[in-house]
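# Observations on chain architecture
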Amino acid sequence: MSVKHPIVAVTGSSGAGTTTVLQSFQHIFRREGLNAQIVEGDAFHRYDRHAMRQAMKEAEADGNRHFSHFGPYSNLFEELEALFADYGATGGGRTRKYLHDDAEAAPYGQPPGTFTGWEDVRPGTDLLFYEGLHGAVKTESVDIARHPDLLVGVVPIINLEWIQKLHRDQRQRGYSQEAVVDTILRRMPDYINHIIPQFTHTHVNFQRVPTVDTSNPFIARDIPTPDESFVVIRFARPKGIDFPYLLNMLHDSFMSRPNSIVVPGGKMGLAMQIIFTPMILQLMDRKRRAQ
């Protein structure tokens, strides 16, 4: 963990609500006048879009039907840990961008689905903010989870995650249901072995739970809305958390365990700002005192 150069990492599968998290933290950074170096986890995939498809075909030809973006073999964990270690120690480090679509790719004159070159992070930033799949990974060779000063997990229950993926891939990407189900099955071993264990290491977890029937996610016509959901917020270290204040500020919330508060799904962004603003300010205060 760093004192001089704080690191905030949000880990969770895409579609889990990580966009809400990013927006909530950006509100905090803007309101408090903080200059954040934002890093996307996709930048640390090992393969670009074309190479990933090729690697999957080769893996399948070798009898491996479980090659996915979730595993260590398709990601640059050592490089991600090096960035966290360097930033925590010096405020420096190297990163790059993954260009998701035409709009992101246009300024670089590259096709979408490719990476920009590696470059140094911007000098003089107040903190590093990571959002991606692997902010709390631990393997035999890396321990990324030990570096962030604030580690946040964002994960829907599994049926909701599947519904989100089915709707996104079928409607936005034109995939068949069979193709999406095949992707879910292919990813499952890596999800169990490399994604789920991270939520043991997070300081605060946000888990979205629908209040409508999702028992068969493959026939769900709609993604449950925030108003049809609750969010369970679990604190690894509840000491110092002002739960009466949170209950008062977040209407219709309640405590489910001594370390957990449940809030209406539509209040997830508000809850994040209320919870994380004092935590970020505390990190900034520690940074100032360490200089």
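Residues numbered from 1 in each chain as written. Predicted model: local features only at pLDDT ≥ 70, side-chain atom pairs only at ≥ 80, totals over all residues. Heavy atoms only, no water.

For the rest of this paragraph, the subject is the packing of aromatic side chains. Under the definition given, this model contains 14 aromatic pairs. With 5.5 Å between their ring centres and 85° between their planes, phenylalanine 235 and phenylalanine 243 make a pair best called edge-to-face. This pair shows no difference in class: phenylalanine 235 is buried, exactly as phenylalanine 243 is. Among the aromatic side chains, those forming a connected cluster through ring pairs are Phe25, Phe29, Phe129, Phe206 and Phe276. (Phe/Tyr/Trp six-rings, centres within 6.5 Å; stacked < 30°, edge-to-face > 60°. Buried < 20%, exposed > 50% of the residue type's maximum accessible area, 1.4 Å probe, protein only.)

Here we come to helix α8 (residues 268-290). For α8, spanning 23 residues, the distance from its first C-alpha to its last is 33 Å, which sits close to the expected 33 Å at 1.5 Å a residue. Approximately 35° is the largest bend angle found in α8, and it occurs at phenylalanine 276, with the proline proline 278 only one to four residues beyond. (Helix = DSSP H or I, 4+ residues; strand = E, 2+ residues; numbered from the N terminus. Expected span 1.5 Å × (residues − 1). Bend = angle between axes of the 7 residues up to and from the residue.)

Below, the discussion takes up the pairing of strand β9 (residues 204-210). Most of β9 sits inside the fold, with five of its seven residues counted as buried. Sheet topology places β9 next to strand β10 (residues 229-235); seven bridges connect them, and they run antiparallel. Its bridge partner lying in β10, valine 204 is registered against phenylalanine 235. (Pairing = 2+ DSSP bridges.)

Turning next to a negative patch on the surface. On the surface, Glu40, Asp101, Asp102 and Glu104 cluster together into a negatively charged patch. You can call aspartate 102 exposed: its relative accessible area is 60%. (Patch = residues over 30% accessible without salt bridge, like charges linked within 9 Å, V, L, I, M, F, W, Y side chains within 5 Å. Areas by Shrake-Rupley, 256 points an atom, 1.4 Å probe, with all protein chains shown as cover. Salt bridge = Lys/Arg side-chain N within 4 Å of Asp/Glu carboxyl O. Lys, Arg positive; Asp, Glu negative; His and termini not counted. Charge placed at Lys NZ, Arg CZ, Asp CG, Glu CD.)

In this section: unusual backbone geometry. At aspartate 252, a residue that is not glycine, the phi angle is positive and equals roughly 70°. By secondary structure assignment, the location of aspartate 252 is in the loop between α7 (243-249) and β11 (254-257). What makes aspartate 252 exposed here is its relative accessible area of 51%.

Tallied over the full model, the rule gives eight salt bridges. The residue aspartate 120 makes a salt bridge to arginine 94 at a minimum N-O spacing of 3.2 Å. Of this pair, aspartate 120 sits in strand β6 (residues 119-120) while arginine 94 sits in strand β3 (residues 94-95), and the two are 26 residues apart along the sequence. Under the relative-accessibility criterion, aspartate 120 is labelled exposed at 56%. For arginine 94, a relative accessible area of 44% corresponds to the partly exposed category. Look at the salt bridges and you will find they share partners, linking Glu60, Arg65, Asp182 and Arg186 into a network.

The next thing to look at is the environment of threonine 90. Inspection of the secondary structure assignment puts threonine 90 in helix α3 (residues 77-90). Counting along the chain gives 86 residues from threonine 90 to lysine 4, while the straight-line C-alpha distance between them is 7.9 Å. Within the local environment of threonine 90, its side chain forms a polar contact with the backbone nitrogen of glycine 92, the two atoms lying 3.0 Å apart. (Polar contact = N/O pair within 3.5 Å; in protein donor to acceptor, adjacent residues only side chain to side chain.)

Before going further, it helps to spend a moment on the nonpolar core. Ranked by internal contacts, the top residues of the largest apolar core, which has 35 residues, are Phe25, Phe206, Ile233, Phe235, Phe276 and Ile280. Among the elements that line this core, the one with the most residues is α8, at 10 residues. In this structure, isoleucine 233 is in contact with Val204, Asn205, Phe206, Asn259, Ser260, Ile261, Val263, Ala271 and Ile275, ignoring residues within four places of it in sequence. Of all hydrophobic cores here, the second largest spans 19 residues; its members include Val39, Phe44, Leu80 and Tyr130. (Core = buried A, V, L, I, M, F, W, Y, C linked by side-chain atoms within 4.5 Å. Contact = heavy atoms within 4.5 Å.)

Attention now goes to the environment of alanine 43. Examined against the element boundaries, alanine 43 turns out to sit in the loop between β2 (36-40) and α2 (49-61). By relative accessible area, alanine 43 is classed as buried at 1%. Taking the C-alpha atoms as reference points, alanine 43 and glycine 132, separated by 89 residues in sequence, lie 9.2 Å from one another. Not counting residues up to four positions away in its chain, the partners in contact with alanine 43 are Thr95, Arg96, Lys97, Tyr98, Phe115 and Trp118.

Our next topic: a nonpolar patch on the surface. Judged by side-chain polarity, Phe230, Leu247, Phe254 and Met255 come together as a nonpolar surface patch covering roughly 300 Å² of accessible area. Looking at the secondary structure, you find phenylalanine 254 in strand β11.

Here we come to the sheet that holds β2. Ordered by their spatial adjacency, eight strands build an open sheet running β2-β7-β1-β8-β9-β10-β12-β11, and the pairing between neighbours is mixed. Strand pairing shows two members of the sheet lacking a second neighbour, β2 and β11, which therefore form its edges. Along the sheet, successive strands turn relative to each other by an average axial angle of 20°, direction set aside. As paired strands, strand β1 (residues 7-11) and strand β8 (residues 150-156) are joined by four bridges and run parallel to one another. Considered in β8, the bridge of threonine 11 is made with glycine 153. The strands that α3 touches are β1, β2 and β7 (127-132); relative to β7, the one it contacts most, it runs at about 160°. (Axes fitted to C-alpha atoms, helices over the stretch in contact; angles between N-to-C directions.)

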